[in-house]
Number of protein chains: 2
Amino acid sequence: MSRDTRICFVGDSFVAGVGDPTALGWAGRLVADTHAEGHPVTAYNLGVRRQTSTDVRARWLGECLQRLPDGVDARVVFSFGVNDSTWEDGRVRVAPEDSADNLTAMLATAAAHDWRVLVIAPPPIDDDEHNTRTAALDARFADICAAAEVPYARTHQPLSTDPTWRHEVRIGDGAHPGAAGYGVLAALIRPSWREWLSR
Amino acid sequence: MSRDTRICFVGDSFVAGVGDPTALGWAGRLVADTHAEGHPVTAYNLGVRRQTSTDVRARWLGECLQRLPDGVDARVVFSFGVNDSTWEDGRVRVAPEDSADNLTAMLATAAAHDWRVLVIAPPPIDDDEHNTRTAALDARFADICAAAEVPYARTHQPLSTDPTWRHEVRIGDGAHPGAAGYGVLAALIRPSWREWLSR
């Protein structure tokens, strides 16, 4: 593969790798793997703390247009939703139907730009009620991606029962894991990632 | 240090770490060091390939405003200039006085937002004429930063004679080093970085 592949990782603090002492996060781990396999992709990490799908929708296109010029193998990986499910001031920060609408709109815009897309599920944190809401969103996102024929990596359920993920989130800030947890998440994404990159 | 430090690394492909198989670049290496020293900063890498100071000036503020909310220890690291010095269609892509004006304007805007700034010199590539132009820009940037009382890490000259940097750039794409070269650059920046972060 000698394509000039450029990938924007778009989303929230989990995309940014917050809490990871190695400064790689799951995205950096996958990019380093891919480099080791002989495919040196250009990666742009556009994860931002506290952002909901509504926040991401408002800024992602402008940021990606700066980074994905014509003539390259241009791709976008999306992951968001945990912050949508946060209970704040008596309601969730983003209603599930609005989260769904945001994802649908972003997938349509990416398709219009001929950008290949991979979507990664929002992960569980150390709060069961919050996770119940996120899991419901995960199911919606899976349906939306299936309808749009976009691959969706279902990482939420395996992370919910992963002892490393759960332990690191609990001893961390209650939401983000450390290096081992990000390694677990990267390993869960890897099969979808490889299949997607090979297309 | 328990401050909530958030740092945007703004600039070109060298900031993005293009060519580094570890996916860290110099920025990731410094962030990992700082984490190991007990200060887990949030880092946002906003380096973009091929961008000149004019390109960066057009997009950096919007991107940083998304990432540097009020109430945090908000910081920006700038590094650009190599693409300004590229000879294209019978002239440099950005005239030196315009590069100077761009840096001056960005420093003023950052100061107006109370964002602490560190500037890193544009590095040498495998092209002596290009490097002569970049070195002239480096001298201008140093003067501008001194006048603005912003620290400026003078990495251009030591990299010009560094055998690891020169070798990796030459065997790479002619501009970017590999992992060892980014390690050399991170080591050159480290003293300025530590001093700057401690303030």
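Our structure's up above, just so we're on the same page.
Small disclaimer: the values here were computed from a predicted structure and weren't measured. Within each chain, residues carry numbers counting from 1 in the order of the written sequence. By the order in which they are written, chains take letters starting at A while ligands take numbers starting at 1. This being a predicted model, a pLDDT of at least 70 is required before a residue's local features are given, and a value of 80 or more before pairs of side-chain atoms are given or counted; all residues contribute to the totals for chains, interfaces and linings. Based on all heavy atoms of the structure, the side-chain values leave hydrogens and waters out of the count.

Peer 1: Quick rundown of the interface of chain B and chain A? Include the residues and the values.
Peer 2: By definition, residues are in contact when any of their heavy atoms lie within 4.5 Å. Every contact between the two is made by 26 residues of chain B and, on the other side, 26 residues of chain A. By definition, the buried area sums, over both parts, the 1.4 Å-probe accessible area that each loses when the two are put together. Regarding the contact of chain B and chain A, the summed buried area is about 1,900 Å², with carbon and sulfur atoms giving 50% of it. In terms of surface lost to chain A, no three residues of chain B exceed B:Arg49, B:Gln66 and B:Arg67, which account for 26% of the buried area on that side. Every case where a carboxyl oxygen of Asp or Glu lies within 4 Å of a side-chain nitrogen of Lys or Arg is listed as a salt bridge. Taken together, chain B and chain A are joined by two salt bridges. Measuring nitrogen to oxygen at the nearest pair gives 2.9 Å for the salt bridge that ties B:Arg67 to A:Glu63. Counted as a polar contact is a pair of N or O atoms within 3.5 Å, where, for protein atoms, one must be capable of donating a hydrogen and the other of accepting one, and residues adjacent in sequence contribute only when both atoms are in side chains. The interface formed by chain B and chain A holds eight residue pairs in polar contact (both at pLDDT 80 or more) in total.

Peer 1: A description of the nonpolar core should follow, citing residues and the corresponding values.
Peer 2: Remark: nonpolar core denotes a set of buried residues (Ala, Val, Leu, Ile, Met, Phe, Trp, Tyr, Cys) joined through side-chain atoms within 4.5 Å. Buried means the residue's accessible area, taken with a 1.4 Å probe over protein chains only, is under 20% of the maximum for its type, while exposed means over 50%, and partly exposed covers the values in between. By size, the foremost hydrophobic cluster in this structure holds 64 residues, and its most contacted members are A:Trp60, A:Phe78, B:Trp60 and B:Phe78. Contacts of A:Trp60, omitting those with residues within four sequence positions, involve A:Val10, A:Val76, A:Phe78, A:Met106, A:Thr109, A:Ala110 and A:Trp115.

Peer 1: Explain the sheet that holds strand E2 (residues 42-47) of chain A to me, using residue names and the numbers behind them.
Peer 2: Ordered in space as E2-E1-E3-E6-E7 (chain A), the five strands form an open sheet in which the pairing is parallel. The outermost strands of the open sheet, each flanked by one partner alone, are E2 and strand E7 (152-153) of chain A. Being paired, for any two strands, means DSSP has found at least two bridges between them. Counting from the N terminus, the helices are DSSP H or I runs at least four residues long and the strands are E runs at least two residues long.

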